[in-house]
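# Coordinate analysis (summary)
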Amino acid sequence: MEDIDKIDTKILRILQKDAKKTTKEIANILNLTISPIYERIRRLENLGFIKQYVAILDKKLINRPITTICQVSMRYHNEAFIEKFEQEIQNLDEVQECYHMAGQVDFLLKINVRSLDEYHDFVKYKLSKIDNIGVLNSTFVLKEIKHTSEFYI
C-alpha cells in the first residue's frame, strides 16, 4: 500500500467530516494552492483511500426509525452455505450492514425499518427464506449514542 503524508491525512480528515468541501475550500484550510489539492484528492481516489462520496440521511426523516442488530448463526459452516448466505443478503434492501464474524455468531446484520411489524415481515418473508440459518437473535436499539462514518486517522 502506498504511503500517504500529513497533508493527505489532513485532506482525508476534512473530507470525512464534509465531503462537499470544494478543492478551493480545502486549499484555504491547509494554506495551499488549489491544483496540488486537486491532484492529491484524485490520487487518494485512484489509490482507493476514498471509496465513494455519500449523503448520510436522517433515519427518522426518511421513516426508518427502528434499528435492529440481528445475530445470525448458521446450521452448517461449509464454504458453499456461507457464500450463498453472503450472496443472498446482498439482495435484501433492509440490510444496511452485514459482517461475517468470529465467535458465537456467524453474521451480524444492521437493519433499519419503519416499524416492528415491518421487521417481523422482513424476518418471516425474506430473511428466514435463506437456507441454512439456524438461529436468529434480534436486538433493538433504544438510543443511538454515537454514530460516525469517520475513521480516526
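Residues numbered from 1 in each chain as written. Predicted model: local features only at pLDDT ≥ 70, side-chain atom pairs only at ≥ 80, totals over all residues. Heavy atoms only, no water.

## Some words on the packing of aromatic side chains
For the coordinates displayed, the defined rule picks out four aromatic pairs. Aromatic pair Phe-85 and Phe-107: ring centres 4.3 Å apart, planes at 35°, arrangement tilted. Here the residue Phe-85 occupies a position in helix H4 (residues 79–89), and Phe-107 occupies one in strand E3 (residues 107–113), the gap between them amounting to 22 residues. Here Phe-85 falls in the buried class, since its relative accessible area comes to 0%. With relative accessibility at 1%, the residue Phe-107 sits in the buried group. Aromatic rings pair up to connect Tyr-119, Phe-122 and Phe-140 into one cluster. (Phe/Tyr/Trp six-rings, centres within 6.5 Å; stacked < 30°, edge-to-face > 60°. Helix = DSSP H or I, 4+ residues; strand = E, 2+ residues; numbered from the N terminus. Buried < 20%, exposed > 50% of the residue type's maximum accessible area, 1.4 Å probe, protein only.)

## Describing the domain arrangement of the protein
Here the protein is partitioned into domain 1 (6–47) and domain 2 (66–140). On a C-alpha basis, the centres of domain 1 and domain 2 stand 38 Å from each other. (Domains from an automatic or database assignment.)

## Observations regarding the packing of helix H1 (residues 6–17) against helix H2 (residues 23–30)
The contact between H1 and H2 brings their axes to 11 Å, and the two run at 125°. Between H1 and H2, the crossing angle belongs to the class labelled oblique. Between H1 and H2 lies a crossing of right-handed hand. Packed against H1, whose contacting residues are Ile-7, Lys-10, Ile-11, Ile-14 and Leu-15, the element H2 presents Ile-26, Ile-29 and Leu-30 at the interface. A class-by-class count of the residues in the contact of H1 with H2 yields seven nonpolar, no polar and one charged. (Axes fitted to C-alpha atoms, helices over the stretch in contact; angles between N-to-C directions. Parallel < 35°, antiparallel > 145°, perpendicular 65-115°, else oblique. Left-handed = near helix turned anticlockwise from the far one by under 90°. Contact = heavy atoms within 4.5 Å. Nonpolar A, V, L, I, M, F, W, Y, C, P; charged D, E, K, R; others polar.)

## Observations concerning the state of the cysteines
Counted according to the given criterion, the structure contains zero disulfides. For the unlinked cysteine Cys-70, the closest cysteine sulfur is that of Cys-98, found at 9.8 Å. (Disulfide = S-S within 2.5 Å.)

## Some details on the pattern of salt bridges
For the structure on display, the rule yields ten salt bridges. Measuring nitrogen to oxygen at the nearest pair gives 2.8 Å for the salt bridge that ties Asp-5 to Arg-40. Of this pair, Asp-5 sits in the segment before H1 while Arg-40 sits in helix H3 (residues 34–46), placing them 35 residues apart in sequence. On the basis of relative accessibility, which here comes to 33%, the residue Asp-5 falls in the partly exposed class. For Arg-42, the salt bridge is made with Glu-45, and the minimal N-O distance between the two is 2.7 Å. Within this pair, Arg-42 and its partner Glu-45 are both found in helix H3, separated by three residues, close to a single helical turn. Residue class for Arg-42 comes out partly exposed when judged on its relative accessible area of 29%. The network of salt bridges with shared partners includes Asp-5, Asp-8, Arg-40 and Arg-43. (Salt bridge = Lys/Arg side-chain N within 4 Å of Asp/Glu carboxyl O.)

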